[in-house]
Amino acid sequence: MEVKIFNLIYILKYLNNNHKLKKETLFFRLNNYKSKIKTDWDQTYKLGIKLKVFNENDNKIQITSQGRTFYSMSKNNLNLNEEQKKFIFKNGILNNQSFESINNFLKLFSKN
């Protein structure tokens, strides 16, 4: 199943309203929220961790300031707007060790 960045909005929606949320509670809510959404919530969750829009500590999940900013930019849950795309690229992917191969590729185009 394909993982889409805009599905992070559903996770951030829950985290934005809670200080911390247990992982089991989050997944229960996600799986019961909209059955029409066909996504792998576990992979979407892992992507959110890699992009640093939320973090997990002792089985509790908390939105990061970066995640709060990304969520506040959303106008709808169906598509990312250009501002969100740029934000995720600049703040979630560039110089992030979780995306080392992408960053190594981009370095090929930088000036020496």
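Just above sits the structure.
Residues numbered from 1 in each chain as written. Predicted model: local features only at pLDDT ≥ 70, side-chain atom pairs only at ≥ 80, totals over all residues. Heavy atoms only, no water.

Attention now moves to the packing of helix H1 (residues 8–16) against helix H4 (residues 65–72). Two elements in contact, H1 and H4, have axes separated by 10 Å at closest approach and are oriented at 115°. Taken as axis vectors, H1 and H4 run roughly perpendicular relative to one another. Once H1 is placed against H4, the crossing between them reads as left-handed. Residues Ile9, Leu12, Lys13 and Asn16 of H1 form the contact with H4, whose own contacting residues are Gly67, Arg68, Phe70 and Tyr71. Tallied by class, residues from the contact of H1 with H4 come to four nonpolar, two polar and two charged. (Axes fitted to C-alpha atoms, helices over the stretch in contact; angles between N-to-C directions. Helix = DSSP H or I, 4+ residues; strand = E, 2+ residues; numbered from the N terminus. Parallel < 35°, antiparallel > 145°, perpendicular 65-115°, else oblique. Left-handed = near helix turned anticlockwise from the far one by under 90°. Contact = heavy atoms within 4.5 Å. Nonpolar A, V, L, I, M, F, W, Y, C, P; charged D, E, K, R; others polar.)

Turning to helix H5 (residues 82–93), a few remarks are in order. Note: α-helices contain 3.6 residues per turn, so residues at a spacing of three or four share the same orientation. Given a rise of 1.5 Å per residue, 12 residues ought to cover 16 Å, and the 15 Å separating the end C-alpha atoms of H5 matches this to within 8%. The complete set of buried residues in H5 reads Gln84, Phe87, Ile88, Gly92 and Ile93. Relative to the axis of H5, the buried residues are bounded by an arc of 155° and lie together on one face. Among the exposed residues of H5, those oriented more than 90 degrees off its buried face are Glu82, Lys86 and Lys90. Next to the buried residues of H5 lie H1, helix H3 (41–50), H4 and helix H6 (100–107). Capping of H5 at its N-terminal end is provided by Asn81; its side-chain oxygen lies 3.1 Å from the backbone amide nitrogen of Glu83. Positive phi appears at Asn95, one or two residues downstream of H5, with a value of about 60°. (Expected span 1.5 Å × (residues − 1). Buried < 20%, exposed > 50% of the residue type's maximum accessible area, 1.4 Å probe, protein only. Arc of directions from axis to C-beta. Polar contact = N/O pair within 3.5 Å; in protein donor to acceptor, adjacent residues only side chain to side chain.)

Below, the discussion takes up a nonpolar patch on the surface. The grouping of Phe89, Leu94, Ile102, Phe105, Leu106, Leu108 and Phe109 at the surface amounts to a nonpolar patch, some 670 Å² of accessible area in total. The element contributing the most residues to the nonpolar patch is H6, with three residues. By relative accessible area, which is 35% here, Ile102 ends up partly exposed. (Patch = residues over 30% accessible without salt bridge, like charges linked within 9 Å, V, L, I, M, F, W, Y side chains within 5 Å. Areas by Shrake-Rupley, 256 points an atom, 1.4 Å probe, with all protein chains shown as cover. Salt bridge = Lys/Arg side-chain N within 4 Å of Asp/Glu carboxyl O.)

So, about the pattern of salt bridges. In a structure, side chains of opposite charge can pair up when their charged atoms sit close to one another. Across all of its chains, the model carries three salt bridges by this definition. Of the charged contacts in the structure, one is a salt bridge between Lys23 and Glu56, with a shortest N-O distance of 3.9 Å. Placement of Lys23 in helix H2 (residues 23–33) and of Glu56 in strand E2 (residues 54–57) is noted, with a sequence separation of 33 residues between them. Judged by its relative accessible area of 23%, Lys23 falls in the partly exposed class. On the basis of relative accessibility, which here comes to 34%, the residue Glu56 falls in the partly exposed class. Of the charged contacts, one joins Glu82 and Lys85 as a salt bridge, the two residues approaching to 3.5 Å between their closest N and O atoms. Residue Glu82 and its partner Lys85 are both found in helix H5; the two are separated by three residues, about one turn of the helix.

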